[in-house]
Amino acid sequence: MTGGFQGFTDHVVDACRNIGVTIHTSHTIADIRKGSSGYSVDSEEFDCVVSTLPSHILMKAGKNILNTKEIKSLQSLSYLDARVLILETDVPILAKAYWLNVSTASIPAMVIAQHTNFIDRSHYGGKHLTYVGWYAVREDPIISEPQDELVARLLPDLHTLERSEERRVGKECRSRW
């Protein structure tokens, strides 16, 4: 399938909508309750609800349908938030590797994946795409750090990774997410 993750997502959304599934995106869910013939989500009726909401939001929105056992189960979950950047560059950040785990506190990243070392850059307008990810507790400053500040803080470390090959990401680096 062409188009990367977005192409895949668009395909799934189109297939679901073609069979009558309603999908809401960029929508804040405030209230989920049992409806007359299914479920009511913010006063709109649905046959069923598939939730990918974070637990703390689901507990608030679903307080009218979740029982004590379900709430305790959700409260017991501990997980990390993800902070992701997709960087678009003219040259690859990682020359040969696809995936690099970063295990030092001195670089503000946990994973760097040179996506176009896996899928040819011709599928992305000739640009190189690099996924940079962090996984942290919600209160960690990196989760809410402004994107431009995070990219500026990360660039010197990316230059360190590429220095041996005399490549520079420099000003042609654009963050996409």
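Quick caveat, the model's predicted, so the values are computed rather than measured.

A.B. asks: Kindly report on the overall build of the chain, identifying the contributing residues and their values.
C.D. replies: Scanning the chain from N- to C-terminus turns up 5 helices and 8 strands. Secondary structure elements of the chain occur, N-terminal to C-terminal, as α-β-β-β-α-α-β-β-β-β-α-α-β. Contacts in the chain between residues far apart in sequence, at least 24 positions, make up 53% of those at least 6 positions apart. Total accessible area on the chain stands at roughly 11,800 Å², and carbon and sulfur atoms take up 55% of it.

A.B. asks: Which residues make up the pattern of salt bridges, and what are the values?
C.D. replies: A full pass over the atoms with the stated rule returns 4 salt bridges. Of the charged contacts in the structure, one is a salt bridge between R138 and D81, with a shortest N-O distance of 3.3 Å. Of this pair, R138 sits in the loop between β7 (128–136) and α4 (141–144) while D81 sits in strand β4 (residues 81–89), placing them 57 residues apart in sequence. Residue D81 is classed as buried on the basis of its relative accessible area of 17%. Note that K127 is salt-bridged to D90, the shortest N-O span being 2.5 Å. With K127 in the loop between β6 (111–114) and β7 and D90 in the loop between β4 and β5 (99–101), this pair connects stretches of sequence that are 37 residues apart. Classification of D90 by relative accessible area gives partly exposed; the value is 36%.

A.B. asks: Go over the pairing of β6 with me, naming the residues and quoting the values.
C.D. replies: Neither face of β6 is open: one carries V111 and A113, the other I112 and Q114, and all of them are buried. Direction of pairing for β5 relative to β6: antiparallel, over a ladder of 3 bridges. Following the sheet pairing, N101 is matched in β6 by V111. Pairing of β6 with β7, which is carried by 4 bridges, proceeds in the antiparallel orientation. Counted as the bridge partner of Q114 is T130 from β7.

A.B. asks: If you had to explain the sheet that holds strand β2 (residues 39–41) to someone new, which residues and values would you point to?
C.D. replies: Ordered in space as β1-β2-β3, the 3 strands form an open sheet in which the pairing is antiparallel. Looking along the sheet, the strands with just one partner apiece sit at the ends: β1 (32–34) and β3 (44–46). Mean inter-strand twist for the sheet, computed between neighbouring axes without regard to direction, equals 30°. Sheet analysis places β1 next to β2, joined by 3 bridges and oriented antiparallel. Looking at the pairing, R33 lines up with S40 of β2.

A.B. asks: Give me the lowdown on the packing of aromatic side chains, citing residues and values where you can.
C.D. replies: All told, the structure shown has 2 aromatic pairs when counted by the stated rule. When the ring of Y98 is compared with that of W99, the centres are 6.1 Å apart and the planes differ by 50°; the resulting orientation is tilted. Residue classification places Y98 among the partly exposed positions, given a relative accessible area of 31%. Note on W99: relative accessible area 45%, which makes it partly exposed. Relative to F118, the ring of Y98 lies with its centre 4.9 Å away and its plane at 35°, an arrangement referred to as tilted. Separated by 20 residues along the polypeptide, Y98 in the loop between β4 and β5 and F118 in the loop between β6 and β7 bring together distant segments of the chain. Among the aromatic side chains, those forming a connected cluster through ring pairs are Y98, W99 and F118. The ring of Y39 is capped by K34, whose NZ or CZ atom sits 4.6 Å from the centre of that ring.

Basis of the calculations
- Residues numbered from 1 in each chain as written.
- Predicted model: local features only at pLDDT ≥ 70, side-chain atom pairs only at ≥ 80, totals over all residues.
- Heavy atoms only, no water.
- Helix = DSSP H or I, 4+ residues; strand = E, 2+ residues; numbered from the N terminus.
- Contact = heavy atoms within 4.5 Å.
- Areas by Shrake-Rupley, 256 points an atom, 1.4 Å probe, with all protein chains shown as cover.
- Salt bridge = Lys/Arg side-chain N within 4 Å of Asp/Glu carboxyl O.
- Buried < 20%, exposed > 50% of the residue type's maximum accessible area, 1.4 Å probe, protein only.
- Pairing = 2+ DSSP bridges.
- Axes fitted to C-alpha atoms, helices over the stretch in contact; angles between N-to-C directions.
- Phe/Tyr/Trp six-rings, centres within 6.5 Å; stacked < 30°, edge-to-face > 60°.
- Lys NZ or Arg CZ within 6 Å of the ring centre and 35° of its normal.

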